Amino acid sequence: MKAVGYQTSLPATDPQALLDITLPDPVATGRDILVRVQAVSVNPVDTKVRQRAQPDSGQYKVLGWDAAGEVVAVGEEVTLFKAGDKVFYAGSLTRPGSNSELQLVDERIVALMPDNLSYAEAAALPLTAITAWELLFDRLEIQQASLKHPRPVLLVTGAAGGVGSVLLQLARKLTTVTVIATASRPETRQWVTELGAHYVLDHSQPLLPQLKALDLSCVSHVASLTHTEQHYAELVQMLAPQGKLALIDDPAGGIDIMPLKQKSISLHWEFMFTRAMFGTPDMNAQHQLLTDLARLIQQGQIKTTLKHSAGSINAANLRSAHQLLESGTAIGKVVLEGWN
């Protein structure tokens, strides 16, 4: 099968950073399904792994943690899918990625893709949708108003990226929370507004004065999606007593949790690969989550976050996609479709 991989961690601008290769076709056993990959999207995790993970000598590492495609074979223990099903998923960080024509994936983290989306539109969603859903409902536990927070307010920093683009839609459609997004460019401010933000703050400027200008003294929940270390002090100030702070990035130098104590602020990490990496008892929750997402998409409540088509799936196009993500200017998701 065709695939794209690397043997040495290199800058995305280096022609050797990602290479077109040929690998043996995998075989489905157990609870694995074998998927013919039709489209993939690129996430920050792809660039981080490429930069940090050095494959064993002589081996290729295949990246890619978002895919949509067709099931071509199933393992003997599979009960959820059959050959011919069209599916979408984000895969597991501990297994070969989706930048290959054929991929094995555990059925418990896969769902039937929405029948009103193309492969490319579907491939834009799984990793960011799982992250956003788990962050909102499993980590921040946002539901309805409570005695602690009678008027819940959610602040989403860096909201125009892949995760934020789904999170804003979920928060607006499935909860009653007031949603405040941060974005600094006219095009990103417009994007987050279209996706459901009630208010938009400019994260290139101090956030607290902008919040007070909205006649809001605090927020009950924060989803910090990028550059947490830059905004951390202000986020602690903005959070209400007994508020919740959740993050998904890797703050440079770490963060000091002591400022959270006086307000009893709880800190939550969201890492969507946890269930698959550790084979948790509730691993099937991601199958159900994506199934629910597909239903919301088919009902027209949630839309794809595909914003940039980067061509067919090959090394040159993937290197360009990695460079775009590393520039920090991407809006929504970058998708590649088909093999040449």
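Residues numbered from 1 in each chain as written. Predicted model: local features only at pLDDT ≥ 70, side-chain atom pairs only at ≥ 80, totals over all residues. Heavy atoms only, no water.

K.L.:
Sorry if this is basic, but what is going on with helix α10 (residues 315-327) here?
P.N.:
For an α-helix the count is 3.6 residues per turn, leaving residues at separations of three or four pointing the same way. In a regular helix each residue adds 1.5 Å, so 13 residues correspond to 18 Å; α10 covers 18 Å between its end C-alpha atoms and thus fits that length. Of the residues making up α10, those classed as buried are Ala315, Leu318, Arg319, Ala321, His322 and Leu325. One face of α10 carries all of its buried residues, which in axial projection span an arc of 160°. For α10, the secondary structure elements touched by its buried residues are β1 (2-6), β2 (19-22), β3 (32-42), α1 (44-52) and β16 (333-337). In the segment just after α10, Gly328 is the residue with positive phi, at about 75°. (Helix = DSSP H or I, 4+ residues; strand = E, 2+ residues; numbered from the N terminus. Expected span 1.5 Å × (residues − 1). Buried < 20%, exposed > 50% of the residue type's maximum accessible area, 1.4 Å probe, protein only. Arc of directions from axis to C-beta. Contact = heavy atoms within 4.5 Å.)

K.L.:
Honestly, the sheet that holds strand β12 (residues 219-224) in this entry has me stumped. Any pointers?
P.N.:
Within a sheet, adjacent strands bond to each other through the backbone by hydrogen bonds, running parallel or antiparallel. Strand order in the open sheet made by the six strands is β11-β10-β9-β12-β13-β14, with parallel pairing throughout. Every other strand in the sheet has two partners, leaving β11 (199-201) and β14 (266-269) as the edge strands with one partner each. With strand direction ignored, the average angle separating the axes of adjacent strands in the sheet is 20°. (Pairing = 2+ DSSP bridges. Axes fitted to C-alpha atoms, helices over the stretch in contact; angles between N-to-C directions.)

K.L.:
Can you help me understand a nonpolar patch on the surface in this one?
P.N.:
On the surface, a nonpolar cluster with roughly 320 Å² of combined accessible area is contributed by Phe271, Met277 and Phe278. Following the sequence through the fold, Met277 ends up in helix α8 (residues 274-278). (Patch = residues over 30% accessible without salt bridge, like charges linked within 9 Å, V, L, I, M, F, W, Y side chains within 5 Å. Areas by Shrake-Rupley, 256 points an atom, 1.4 Å probe, with all protein chains shown as cover. Salt bridge = Lys/Arg side-chain N within 4 Å of Asp/Glu carboxyl O.)

K.L.:
Please explain the pattern of salt bridges as it appears in this structure.
P.N.:
Close approach of charged atoms allows side chains of opposite charge to pair. Within the structure shown, the criterion is met by 16 salt bridges. Taking the shortest distance from any N to any O, the salt bridge between Asp85 and Lys82 comes out at 3.0 Å. Residue Asp85 is classed as buried on the basis of its relative accessible area of 11%. Several salt bridges share partner residues, and in doing so they unite Glu134, Asp138, Arg139, Glu270, Arg275 and Asp282 into one network.

K.L.:
What should I look at first to understand the sheet that holds β1 in this one?
P.N.:
On the basis of which strands lie adjacent, the open sheet formed by three strands has the order β2-β1-β4 and antiparallel pairing. Sheet topology places β2 and β4 (61-62) at the edges, where each strand pairs with a single neighbour. The pairing of β1 with β4 spans two bridges and is antiparallel. Note that in β4 the partner of Gly5 across the bridge is Val62.

K.L.:
Would you explain unusual backbone geometry in this entry?
P.N.:
Excluding glycine, a negative phi dihedral is what most residues carry, and trans is how most peptide bonds are arranged. Phi is positive for His227, close to 50°, though the residue is something other than glycine. Along the polypeptide, His227 turns up in the loop between β12 and α7 (228-238). One non-glycine residue, Gln242, lies in the positive phi region at around 65°.

K.L.:
Help me understand the pairing of strand β13 (residues 239-247), please; the structure alone is not making it clear to me.
P.N.:
In terms of burial, β13 is largely enclosed, as seven of its nine residues are buried. Both β12 and β13 contribute to a ladder of five bridges, which runs parallel. Within β13, the residue paired with Ser224 across the bridge is Leu247. After leaving β12, the chain enters α7 and then returns to the sheet as β13, a path that is right-handed. Pairing of β13 with β14, which is carried by four bridges, proceeds in the parallel orientation. Bridging across to β14, Ala246 finds its partner in His268. (Right-handed = clockwise from strand over helix to strand, strands pointing away.)

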